[in-house]
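# Tertiary structure, described
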Amino acid sequence: MIPYGRQDVRKEDIDSVVEVLRSEFLTQGPQVPIFEENIAQFVNTDHAIAVNSATSALHITYLAMGLGHGDGLWTTPITFLATANAAKYCGATVEFVDVESTTGLMSVEDLQTKLVEAEKKGKLPKIVVPVHLAGQSCDMKEIHKLSRQYGFKVVEDAAHAIGAKYNDKQVGSCEYSDACVFSFHPVKIITTGEGGVITTNNEQLSEKLKLLRSHGVTRDSSLFKHDSHGPWYYEQIALGYNYRMTDMQAALGTSQMRRLSEYVTRRNAIAEKYARKFESLPISVLDQKKYGRSSYHLFVIQLNLEKIGKTHRQVFENLRAEGVGVNLHYIPVYKQPYYADEINWANKCPNSEAYYSKSISLPMYPAMTDEEVCIVEEKVEKVVVE
Ligand SMILES: *Cc1c(COP(=O)(O)O)cnc(C)c1O
């Protein structure tokens with residue numbers, strides 16, 4: 001089976017992790033700030049805060065922005081559960097903005113419509129989270145304009161999108177957002193095993209995030225509420241978590257970062273091959289916006305089921321039977337029993353429904369060979385035209 005995604009771990013990665021294992025520090029030591037500096041330089045932000053997953057990153061980012069009971073967070077249904085779950089951890093309400101059916105990205109039009117309605121009801125969101133699905137940036141400039149008008153914070157869920165560009169800037173630069181979150185789960189663009197990073201240009205937010213990732217404890221005497229008891233003294237000034245990244249993970253991340261641009265180039269080359277091949281078949285690929293460059297975490301095809309004459313499920317099963325490890329990103333979050341509530345989101349998100357009804361993710365990872373790409377293309381052709 002050719003998998004839909006796979007990490008690329010090389011000897012230099014292994015060596016850098018082994019070196020940490022032989023050193024004095026295993027958890028958050030000197031490697032974590034090196035990795036953070038690496039990311040901050042790459043995306044060109046003032047701050048990068050490393051944690052043990054993107055889920056944790058989203059959680060403490062929402063918390064640090066004051067999200068709590070009675071507040072609303074808006075995101076799109078076509079995302080991984082964690083985007084919404086992290087808001088639930090804060091006790092907030094999650095609402096969904098529809099996507100564009102040809103990209104799966106947050107529809108600025110639907111966001112605007114929803115904001116107008118919400119303002120009338122006095123129920124504007126505290127945070128809006130655009131998801132850079134498959135590695136393509138949402139239209140951040142437009143979302144930023146709305147954030148100014150309606151007074152919400154913007155957190156980019158860029159779990160798929162390190163190495164992608166929006167206009168001429170790296171995704172994560174936070175030019176049009178308050179914070180941006182990356183994931184380093186093995187299936188994503190670069191990996192630390194488990195891990196995530198928050199980038200921001202907001203110093204205060206960065207300090208809060210550092211407190212929240214480590215029990216809310218500080219050793220910075222300028223922040224103390226009480227007099228110090230002595231050189232051992234520290235204070236807990238917030239309710240934080242143990243969300244620290246280990247030094248082994250950070251070393252792996254720094255080593256992987258050296259190949260980030262190589263990875264994104266390879267992913268784009270595979271995407272080009274696929275797109276060319278599929279032009280003549282009854283399937284379409286996601287529209288690519290002129291404003292950016294995708295990092296192609298995923299390669300999604302959308303089936304023209306009428307022309308193919310099979311169901312979505314049949315195509316999926318046939319491809320798996322042919323040894324193509326296809327996947328589906330994502331089941332709309334509101335369909336999960338946990339999220340099923342009194343609001344009929346399916347009615348409100350017709351594009352998300354359409355997206356879900358015909359999308360399939362094909363194998364896409366940098367170590368994929370040209371031969372493997374050809375095999376996938378042949379199998380797809382066989383399954384959709386036979
Ligand atoms: C993977 C992913 C996450 C969560 O990342 P973890 O590092 O696994 O916690 C969040 N959002 C999206 C869109 C993802 O794909």
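Please read these numbers as outputs of a predicted model, since none were measured by experiment.

## Considering the side chain of Q256
- Here Q256 lies in helix α8 (residues 247–257).
- Other than its neighbours up to four places away in sequence, Q256 contacts D8, V9, D13, I190, T191 and Y263.

## Quick word on the packing of helix α9 (residues 260–278) against helix α14 (residues 370–385)
- It is at 11 Å that the axes of α9 and α14 come closest, and there the two elements cross at 30°. When the interaxial angle is binned, α9 and α14 end up roughly parallel. With respect to the hand of their crossing, α9 and α14 are arranged in right-handed fashion. Across the interface between the two elements, R266, I270, K273, Y274, K277 and F278 of α9 pack against D370, V373, V376, E377, V380 and E381 of α14.
- Class assignment of the residues belonging to the contact of α9 with α14 gives a composition of six nonpolar, no polar and six charged.

## Side note on the sheet that holds strand β13 (residues 292–293)
- Here three strands make up an open sheet; going across it, the order is β7-β6-β13 and the pairing antiparallel. Each having just a single partner strand, β7 (169–170) and β13 make up the two edges of the open sheet.
- Note that strand β6 (residues 165–166) and β13 share two bridges and pair antiparallel. By the bridge assignment for β13, K165 is matched with R293.

## Observations concerning the pairing of strand β1 (residues 47–51)
- The buried fraction of β1 is high, at five of five residues.
- A two-sided burial pattern is seen for β1, the buried positions comprising H47, I49 and V51 on one face and A48 and A50 on the other.

## Considering the packing of helix α3 (residues 54–64) against helix α4 (residues 82–89)
- Packing of α3 against α4 leaves a shortest axis separation of 8 Å and a crossing angle of 45°. Taken together, the axes of α3 and α4 are oblique relative to one another. Between α3 and α4 lies a crossing of right-handed hand. Contacts between α3 and α4 pair T55, L58, H59 and Y62 from the former with A82, T83, A86, A87 and Y89 from the latter.
- Looking at side-chain class alone, the contact of α3 with α4 contains six nonpolar, three polar and no charged residues.

Calculation notes
Residues numbered from 1 in each chain as written. Predicted model: local features only at pLDDT ≥ 70, side-chain atom pairs only at ≥ 80, totals over all residues. Heavy atoms only, no water. Helix = DSSP H or I, 4+ residues; strand = E, 2+ residues; numbered from the N terminus. Contact = heavy atoms within 4.5 Å. Axes fitted to C-alpha atoms, helices over the stretch in contact; angles between N-to-C directions. Parallel < 35°, antiparallel > 145°, perpendicular 65-115°, else oblique. Left-handed = near helix turned anticlockwise from the far one by under 90°. Nonpolar A, V, L, I, M, F, W, Y, C, P; charged D, E, K, R; others polar. Pairing = 2+ DSSP bridges. Buried < 20%, exposed > 50% of the residue type's maximum accessible area, 1.4 Å probe, protein only.

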